[in-house]
Amino acid sequence: MKLWGGRFQKSADKLTDDFNSSIHFDQRLYKQDILGSIAHVKMLASQKIIPTEDSALIQKTLKEILSDIKEGKIEFDIAAEDIHMNIEQILIDRIGDTGKKLHTGRSRNDQVALDMRMYLKDEVNNIKELIINLQKVLLSLAKEHTRTIMPSYTHLQKAQPITFAHHLTAYVEMLKRDKERLEDAYKRLNVLPLGSGALAATTYQLDRDFVARELGFEKISLNSLDAVSDRDFCIELLSCLSILMMHLSRFSEEIILWCSYEFQFIELDDAFSTGSSIMPQKKNPDIAELVRGKTGRIYGSLMALLTTMKSLPLAYNKDMQEDKEPLFDAIDNIKICLPVFTDMLRTIKVNKAKMYESAKGGFTNATDLADYLVKKGLAFRDAHEIVGKAVFSCIQKGIGLEDMTLEEYKQISPLVEEDVFQAISLEECVNKRNITGGPSEEMVKNAIEINETLL
Ligand code: ARG
């Protein structure tokens, strides 16, 4: 017999049960569900809505059920539909009529909203920790490479020389924003919906502040209709996670390029690479590719939930049960992507010579030559034009700007002197960019220090 069976003359069709049931995916909310119920019955007693002995027995039994579930002693029942009714049913099976008092002044609608918020609060903290671990690895790698010169790119064409540390710390900044976004989303997770009932609150004098304190919620919701129909917090979290994955996918793409034969900037550790079943020579960056690939399913989850929620009338609709699978899937995947990505990075071998060699090509010092001419008195636009011509003639000769003789330089501009060679050396190009945010050794070290204190 269903917990809601009173009004029905027939039992549910097996297909209905299978279709309607969410227990196979919402059972992961068992801990939140039980802790929420314990706080609820504690409050029911303190408000004299149920007798203290009943509340005590319910609390004690719920704790037993919790440890039995943890120990794998409980098998859930599809016919009991979801985690909320499974636990309530087990409680009633164990203590009979007293157990039937648990659901006083409560609906599954405010209950599920509570469970989800509790669950997501924990997961946001877990994911934040994983982001911090990745940032730490990036910072320690960056510290070793504040002098490792590499080319930077726009349009994937060589642009200007930077350092590997500068490149790595760009991702530290991106991850910092990801963390801040999660912290911001956390504020809106931190609102207690319990007490909203099915949608129009309840006639019992519940002490919602008491429950909020018990469960560690900062605020309580102010509109019962909104509280049970709101899934913004799920969508918001998925959008934070999508942006995080977008960052990881950009990084993955670069790692894939960097360990290609054409770049050879880095080599992945054998333990974080895979081979080919046919081509004996291959060492593939599968981890980076899979992180890049999984970004698609995280975006998909965001789109799925946005679409599910679109046009839903207030308040609860069963459609909303579809919030869980995409959200859980996104969280689970992010929780495997982040640690494996972190360890893959921790173990990379950096090929400094290749990076340097690459930075030397492609006229990455052309802007610095123009800046040199500006310092000698030319307007930047004129300097740009002159250097452009010099680059063109170097391309024809198959040489770099640093290979031109002083006489050749004098021909393009009489302002050029012997000090030009120093001015366009890669080291100088990097270290002259010595303003906050720049790639100079000093500035990158500053940025690393600031980020380390933040962590
Ligand atoms: N399993 C349901 C869900 O996840 C719980 C809420 C059910 N409420 C209801 N009125 N049917 O959405």
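Use the structure listed above.
Here the structure is a predicted model, which is why all the values come from computation and not from measurement.

A. Representation of the overall build of the protein. Within the protein, the secondary structure is distributed over 19 helices and 6 strands. A compact globule built from 455 residues would reach a C-alpha radius of gyration of about 23 Å, whereas the protein, at 31 Å, exceeds it by more than 25%. Once the C-alpha set of the protein is aligned to its principal axes, its extents read approximately 100 × 50 × 40 Å. Here the protein holds 455 residues, and the buried ones make up 50% of them. Counting only carbon and sulfur atoms, one obtains 54% of the accessible surface of the protein, whose full area is about 22500 Å².

B. Up close: a nonpolar patch on the surface. A surface patch of nonpolar side chains, amounting to about 260 Å² of accessible area, comprises Leu199, Leu225 and Leu314. Topologically, Leu225 is positioned in helix 9 (residues 224–229). You can call Leu225 partly exposed: its relative accessible area is 31%.

C. Structural detail: the pairing of strand 2 (residues 157–163). As defined by bridge partners, strand 1 (residues 149–154) adjoins strand 2 across 5 bridges and the pair is classed as antiparallel. The partner of Met150 across the bridge, within strand 2, is Ile162. Remark: 2 residues form the turn of the hairpin made by strand 1 and strand 2, two consecutive strands paired antiparallel; His155 in that turn has positive phi of roughly 55°.

D. Representation of the side chain of Ser55 within the structure. Of note, Ser55 is situated in helix 4 (residues 52–70). For Ser55, a relative accessible area of 2% translates into the label buried. Sequence-distant contacts of Ser55, defined by excluding residues within four places in its chain, comprise Val41, Lys42, Ala45 and Ile50.

E. Main features of the pattern of salt bridges. Enumeration according to the criterion identifies 38 salt bridges in this entry. Its salt-bridge partner being Glu214, residue Lys42 comes within 3.0 Å of it at the nearest N-O pair. Taken together, the positions of Lys42 in helix 3 (residues 30–46) and Glu214 in helix 8 (residues 208–215) put the pair 172 residues apart, joining distant regions of the chain. Of the residues examined, Lys42 reaches a relative accessible area of 33% and is grouped as partly exposed. By relative accessible area, Glu214 is classed as partly exposed at 37%. Salt bridges linked by common partners bring Asp68, Glu71, Lys73 and Arg94 together as one network.

F. Expanded view of the packing of aromatic side chains. Counted under the stated rule, the structure contains 8 aromatic pairs. Between Phe164 and Trp258 the ring centres are 5.6 Å apart and the planes differ by 70°, which places this aromatic pair in the edge-to-face class. Of this pair, Phe164 sits in helix 7 (residues 164–189) while Trp258 sits in helix 10 (residues 232–258), placing them 94 residues apart in sequence. The buried category is assigned to Phe164, whose relative accessible area is 0%.

G. Geometry of helix 15 (residues 380–397). An ideal rise of 1.5 Å per residue puts 26 Å on 18 residues; helix 15 measures up with 25 Å between its terminal C-alpha atoms. Taken together, the buried positions of helix 15 are Ala383, Ile386, Val387, Ala390, Val391 and Cys394. The buried residues of helix 15 all sit within an arc of 145° when viewed along its axis, so they share a single face. Seen from the open side of helix 15, the exposed residues pointing more than 90 degrees away from its buried face are Arg381, Lys389, Phe392, Ile395 and Gln396. Turning to helix 15, the residues buried within the fold contact helix 14 (366–375) and helix 16 (406–412). In the segment just after helix 15, Gly398 is the residue with positive phi, at about 70°.

H. Summary view of the environment of Thr61. Along the chain, Thr61 turns up in helix 4. Along the chain, Thr61 and Gly99 lie 38 residues apart, while their C-alpha atoms are 9.0 Å from each other.

I. Expanded view of the packing of helix 10 against helix 12 (residues 324–346). At a minimum axis separation of 11 Å, helix 10 and helix 12 run at an interaxial angle of 30°. Considering the angle they form, helix 10 stands roughly parallel to helix 12. Considering only the axes of helix 10 and helix 12, their crossing is left-handed. Where helix 10 approaches helix 12, its residues Cys234, Leu238, Leu241, Leu244, Met245, Leu248, Phe251, Ser252 and Ile255 are matched on the opposing element by Pro326, Leu327, Ala330, Ile331, Ile334, Cys337, Leu338, Phe341, Met344 and Leu345. Residue classes in the contact of helix 10 with helix 12 are distributed as 18 nonpolar, 1 polar and no charged.

J. Molecular detail of the side chain of Asn451. Structurally, the position occupied by Asn451 is in helix 19 (residues 441–454). A polar contact of 3.0 Å, which involves the side chain of Asn451, links it to the side chain of Lys176.

K. The site of the ligand, seen in detail. As a structural note, the neighbourhood of the ligand is formed by Ser22, Asp26, Asp82, His84, Arg108, Asn109, Val112, Tyr316, Gln321 and Lys324. Note that a nitrogen atom of the ligand is positioned 2.9 Å from one of the side-chain N or O atoms of Asp82. Here an oxygen atom of the ligand sits 2.5 Å away from a polar atom, N or O, in the side chain of Lys324. At 3 residues, the largest contribution of residues to the shell around the ligand is made by helix 6 (residues 108–144). Residues that form the shell around the ligand fall into these classes: 2 nonpolar, 4 polar and 4 charged.

Definitions and cut-offs
- Residues numbered from 1 in each chain as written.
- Predicted model: local features only at pLDDT ≥ 70, side-chain atom pairs only at ≥ 80, totals over all residues.
- Heavy atoms only, no water.
- Helix = DSSP H or I, 4+ residues; strand = E, 2+ residues; numbered from the N terminus.
- Rg over C-alpha atoms; globule rule 2.2 N^0.38 Å.
- Buried < 20%, exposed > 50% of the residue type's maximum accessible area, 1.4 Å probe, protein only.
- Areas by Shrake-Rupley, 256 points an atom, 1.4 Å probe, with all protein chains shown as cover.
- Patch = residues over 30% accessible without salt bridge, like charges linked within 9 Å, V, L, I, M, F, W, Y side chains within 5 Å.
- Salt bridge = Lys/Arg side-chain N within 4 Å of Asp/Glu carboxyl O.
- Pairing = 2+ DSSP bridges.
- Contact = heavy atoms within 4.5 Å.
- Phe/Tyr/Trp six-rings, centres within 6.5 Å; stacked < 30°, edge-to-face > 60°.
- Expected span 1.5 Å × (residues − 1).
- Arc of directions from axis to C-beta.
- Axes fitted to C-alpha atoms, helices over the stretch in contact; angles between N-to-C directions.
- Parallel < 35°, antiparallel > 145°, perpendicular 65-115°, else oblique.
- Left-handed = near helix turned anticlockwise from the far one by under 90°.
- Nonpolar A, V, L, I, M, F, W, Y, C, P; charged D, E, K, R; others polar.
- Polar contact = N/O pair within 3.5 Å; in protein donor to acceptor, adjacent residues only side chain to side chain.
- Near = heavy atom within 4 Å.

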